[in-house]
Amino acid sequence: MRLESARARRRALRLATLLVGFAPAAGLVVAFLHDGLGANPVEKITHETGEWALRFLFLSLSVTPVRRLTGWRMLLQERRTLGLFAFFYASLHLAIYVGLDLGFAWSFLGEDILERPYITVGFATFLVLLALAATSTRAAARRLGRRWKTLHRAVYLAGIGAVVHFLWLVKADTREPLVYAGVLALLLGSRAFWALQRRSRSGNR
Ligand code: HEM
């Protein structure tokens, strides 16, 4: 009986994550169909997909600290899905930029990567997310063994890259990217704090 209710809760949490993950994309499709994307739809979709990539990346980074603070272990099962949603929105973001902004002129993307620092950082961040998504399966974790954990620590690098990309592209008002930078500092700080605590505990033994 207890097992059944745990399974039902697990399923409900999975469903909630999927709904939350697809909601922004559905919102954009609905806005597009109802001419609700404003005067510059391409710019609007580029910005929205970029921000959702960043938000889902931060949500996946928040899973471990929230689990530690609340003891809610079930959350751990959602970390991978949230990370995959970050990759999904980052891929849309890149596809829209290359397809609608640059008209599929890949050489322009190459030039942008070389000449515009915020695009260089955005692209590097995308590559990190791609590597994490490609190795997110159980089979990949088994194959990579201990290296898997080391590789997946790069998720923090992706967080830093995404915030630097955002900070670098805004021209005047840096308030929003600075809020993200503050949240990232908290996430990294909590990780460092728990790592130090673990080390001092094992040193005391
Ligand atoms: C794949 C390479 C990428 C390219 C070519 C790219 C390109 C762009 C462009 C052209 C903009 C709009 C700039 C402007 O309006 O002046 C933008 C904004 C943004 N991008 Fe990217 N990006 C990339 C990767 C990423 C990744 C991986 C993330 C996050 C994980 C991200 C997050 C953002 C955010 C948060 C914004 C600002 C949104 C806003 O203003 O509300 N980008 N990006």
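The structure under discussion appears in the preceding block.
Because the structure is predicted, anything quoted here is derived from the model rather than measured.

Visitor: What's the story with the overall build of the chain in this structure? I'm lost.
Guide: On a plain count of helices and strands, the chain comes out with nine helices and zero strands. C-alpha extents for the chain along the principal axes are approximately 60 × 40 × 35 Å. The 205 residues of the chain split such that 21% are buried. Considering only contacts in the chain between residues 6 or more positions apart, those separated by 24 or more positions represent 64%.

Visitor: Whenever I open this one, the site of the ligand confuses me. Can you help?
Guide: For the ligand, the set of nearby residues contains 21 residues, the closest of which are Gly50, Ala53, Gly122, Phe126 and Ala162. Put simply, the parts of the chain that give the shell around the ligand at least two residues each are helix 2 (41–70), helix 3 (79–101), helix 5 (117–134) and helix 8 (154–169). A total of seven residues in the shell around the ligand trace back to one element, the largest contributor, which is helix 2.

Visitor: Mind showing me how you'd approach helix 5 here?
Guide: Working note: α-helix, 3.6 residues per turn, so residues spaced by three or four point in the same direction. In a regular helix each residue adds 1.5 Å, so 18 residues correspond to 26 Å; helix 5 covers 26 Å between its end C-alpha atoms and thus fits that length. Of the surrounding elements, those touching the buried residues of helix 5 are helix 3, helix 7 (146–152) and helix 8.

Visitor: What's the story with the nonpolar core in this structure? I'm lost.
Guide: Within soluble globular proteins, side chains that are nonpolar tend to cluster in buried spots. In this structure, Ala53, Phe56, Leu57, Ala86, Tyr89 and Leu129 are the most contacted members of the largest nonpolar core, which totals 27 residues. Within the residue set of this core, elements represented by two or more residues are helix 2, helix 3, helix 5 and helix 8. Ranked by residue count, the leading element in this core is helix 3, at 10 residues. Leaving out residues up to four positions away in the same chain, Leu129 has contacts with Ala86, Phe87, Ala90 and Ala158.

Visitor: Got a minute to help me understand helix 1 (residues 2–33) in this structure?
Guide: The end-to-end C-alpha distance of helix 1, which contains 32 residues, comes to 45 Å, matching closely the 46 Å that a straight helix rising 1.5 Å per residue would cover. Along helix 1, the helix axis deviates most sharply at Ala23, where the bend reaches about 35°; the proline Pro24 sits within four residues downstream. Among all positions in helix 1, only Gly21, Pro24 and Leu28 are buried. Summarising the contacts, the buried residues of helix 1 are in contact with helix 2 and helix 3. Backbone geometry just downstream of helix 1 places Asp35 in the positive-phi region, at approximately 55°.

Rules used in this analysis
- Residues numbered from 1 in each chain as written.
- Predicted model: local features only at pLDDT ≥ 70, side-chain atom pairs only at ≥ 80, totals over all residues.
- Helix = DSSP H or I, 4+ residues; strand = E, 2+ residues; numbered from the N terminus.
- Buried ≥ 20, exposed ≤ 12 C-beta atoms within 10 Å, placed from the backbone.
- Contact = placed C-beta atoms within 7 Å.
- Near = placed C-beta within 6 Å.
- Expected span 1.5 Å × (residues − 1).
- Core = buried A, V, L, I, M, F, W, Y, C linked by C-beta atoms within 7 Å.
- Bend = angle between axes of the 7 residues up to and from the residue.

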